[in-house]
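# Structure at a glance
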Amino acid sequence: MSTGARAAAPGELAAAVIVPVYRESPDRLARCLRSALAQERPGNLRVTVYLVSDDLCAHAPTLEHRGLRRLGTGRVGAGPSIARNLGLEHAIADGAQLCALLDSDDWFEPDKLERMAPLALEYGVAVDNARIDFEPAHPGAPTRAGTWLVPPVDAAAPDRRKDAPAQLRPLEFFLGIDNPLWPVFRTDVLGDLRFLPQLRFSEDSLFNACLVARAGGRAAWLPWALHHYRVREQSMSHSGDACANAEHAYARIVDDLGDPAELAWLPPALRAQLLAAYQRKRRTNAAYAHWLGLPGHAGRSFQEFVATPAQAPSPTADSAGS
């Protein structure tokens, strides 16, 4: 166990939340950290939040909590993959049995880990839906209504699905979701799987796909949204360069998947499946770039694009088998 770690009491499950941070606003980060620390359930769930600074800054200096551990990459802009890998290494060394990932501008519903932990323990990986929240472009700007990452079947009354049971879904289902996912997973599923350090965009989608593959090619899916995904203008994923950033990352991933020396543990059939998925992502990204050029679409987000009924049918519709 590394210095500063808390040991779980007998009968407690040790869980880790990895939060990389790079030049984040204090208010957003405070909301993120409070939501993660609030996941603890004394006697049942011991939560340690690993705040990994990637900008040499001391973040949240006034927040003192026994469940918060501060780490740093020792660099400015080493990248999210390196920051998350550092957090993972410390969490594993500290004896974490479960792990969750959280971006510094996102936040959890109060019962995310409480609901997801039993599923992750049973199946190795559990994934919940997410609520996409659009941040106003500037103070006083109109607020756009949020949406669901995977829309509820009954969109008019989504509360009816709050207690919907989890479903076991195959890898194809998750590969067909054109939005970020935030799994909760058992650390023993990881093996030597880590984020590819050379990736700064879509590094999470490749990690998550490989994670589900490591768990036997399926994961528990909870239709209810327990994660809030904040969409901000000028973030790497939503700036004017977002399409170019995505194309660069997808091209790199396709090249890596075509090289047997990269991710050497991948069986040929799985490698081919991932390669096809990322080739499809490249086509979707190109279609989004074209859509942005249409009248009235400038500045619209990728999440709005994939939620538009006029676009190609959702890949989840024909790949959602249990």
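Here the structure is shown first, and the text comes after it.
Computed from a predicted model, the values in this text were never measured in an experiment.

Conventions used here
Residues numbered from 1 in each chain as written. Predicted model: local features only at pLDDT ≥ 70, side-chain atom pairs only at ≥ 80, totals over all residues. Heavy atoms only, no water. Helix = DSSP H or I, 4+ residues; strand = E, 2+ residues; numbered from the N terminus. Buried < 20%, exposed > 50% of the residue type's maximum accessible area, 1.4 Å probe, protein only. Contact = heavy atoms within 4.5 Å. Polar contact = N/O pair within 3.5 Å; in protein donor to acceptor, adjacent residues only side chain to side chain. Phe/Tyr/Trp six-rings, centres within 6.5 Å; stacked < 30°, edge-to-face > 60°. Lys, Arg positive; Asp, Glu negative; His and termini not counted. Salt bridge = Lys/Arg side-chain N within 4 Å of Asp/Glu carboxyl O. Expected span 1.5 Å × (residues − 1). Axes fitted to C-alpha atoms, helices over the stretch in contact; angles between N-to-C directions. Parallel < 35°, antiparallel > 145°, perpendicular 65-115°, else oblique. Left-handed = near helix turned anticlockwise from the far one by under 90°. Nonpolar A, V, L, I, M, F, W, Y, C, P; charged D, E, K, R; others polar. Core = buried A, V, L, I, M, F, W, Y, C linked by side-chain atoms within 4.5 Å.

## With respect to the overall build of the chain
Check the secondary structure of the chain and you find eight helices and 10 strands. Across the 322 residues that make up the chain, the buried fraction comes to 53%. Contacts in the chain between residues at least 24 apart in sequence constitute 74% of all its contacts with a sequence separation of at least 6.

## Some thoughts on the environment of Arg 169
By the secondary structure assignment, Arg 169 is in strand β8 (residues 167-170). Measuring from C-alpha to C-alpha, the distance between Arg 169 and Arg 218 comes to 5.5 Å, with 49 residues separating the pair along the chain. In this structure the side chain of Arg 169 is engaged in a polar contact, spanning 2.7 Å, whose partner is the side chain of Gln 167.

## Re the packing of aromatic side chains
Summed over the entire model, instances satisfying the criterion amount to 12 aromatic pairs. Between Tyr 288 and Phe 305, the aromatic rings sit 5.5 Å apart at their centres with planes inclined by 45°, giving tilted as the arrangement. Taken together, the residues Tyr 288 in helix α7 (residues 268-292) and Phe 305 in helix α8 (residues 302-306) connect sequence positions 17 residues apart. Residue class for Tyr 288 comes out buried when judged on its relative accessible area of 8%.

## Concerning the side chain of Asp 133
Position of Asp 133 relative to the elements: it lies in strand β6 (residues 125-134). Here Asp 133 sits buried without a salt bridge, and the closest side chain of opposite charge, Arg 131, lies 4.3 Å off (N-O distance). Side chain to side chain, Asp 133 and His 228 meet in a polar contact 2.9 Å long. In this structure Asp 133 touches Trp 107, His 228, Tyr 229, Arg 230 and Val 231, once residues within four positions along its chain are discounted.

## Focus: the side chain of Asp 106
Tracing the chain through its elements places Asp 106 in the loop between β4 (98-101) and β5 (107-108). With no salt bridge to any partner, buried Asp 106 finds its closest opposite charge in Arg 31, at an N-O distance of 6.5 Å. Here the side chain of Asp 106 touches Arg 230 through a polar contact of 2.9 Å, landing on its backbone nitrogen. Not counting chain neighbours up to four residues away, the residues in contact with Asp 106 comprise Cys 32, Trp 182, His 227, His 228, Tyr 229 and Arg 230.

## Some remarks on helix α3 (residues 112-123)
Taking 1.5 Å per residue, 12 residues should reach 16 Å; α3 reaches 16 Å between its end C-alpha atoms and fits that length. Within the span of α3, buried status applies to Lys 112, Leu 113, Met 116, Ala 117, Leu 119 and Ala 120.

## A look at the packing of helix α6 (residues 242-257) against α7
Interhelical geometry of α6 versus α7 gives an angle of 165° and a closest axis separation of 9 Å. Comparing the axis directions of α6 and α7 gives the class roughly antiparallel. α6 and α7 meet at a crossing whose hand is left-handed. Where α6 approaches α7, its residues Cys 243, Ala 246, Glu 247, Tyr 250, Ala 251, Ile 253, Val 254, Asp 256 and Leu 257 are matched on the opposing element by Arg 271, Leu 274, Leu 275, Tyr 278, Gln 279, Lys 281, Arg 282, Asn 285, Tyr 288, Ala 289 and Leu 292. Residues that form the contact of α6 with α7 fall into these classes: 13 nonpolar, two polar and five charged.

## With respect to the nonpolar core
Ranked by internal contacts, the top residues of the largest apolar core, which has 57 residues, are Val 125, Phe 174, Phe 185 and Phe 207. Per-element accounting of this core gives the leading share, seven residues, to helix α5 (residues 203-214). Among residues more than four places away in sequence, those in contact with Val 125 are Ala 120, Pro 183, Val 184, Phe 185, Val 189, Leu 211, Val 212, Ala 215, Ala 219 and Ala 220. In terms of nonpolar packing, the next biggest core, distinct from the first, is built from 33 residues, Ala 15, Leu 33, Leu 45 and Trp 224 among them.

Function cannot be read off these values alone, since they describe shape.
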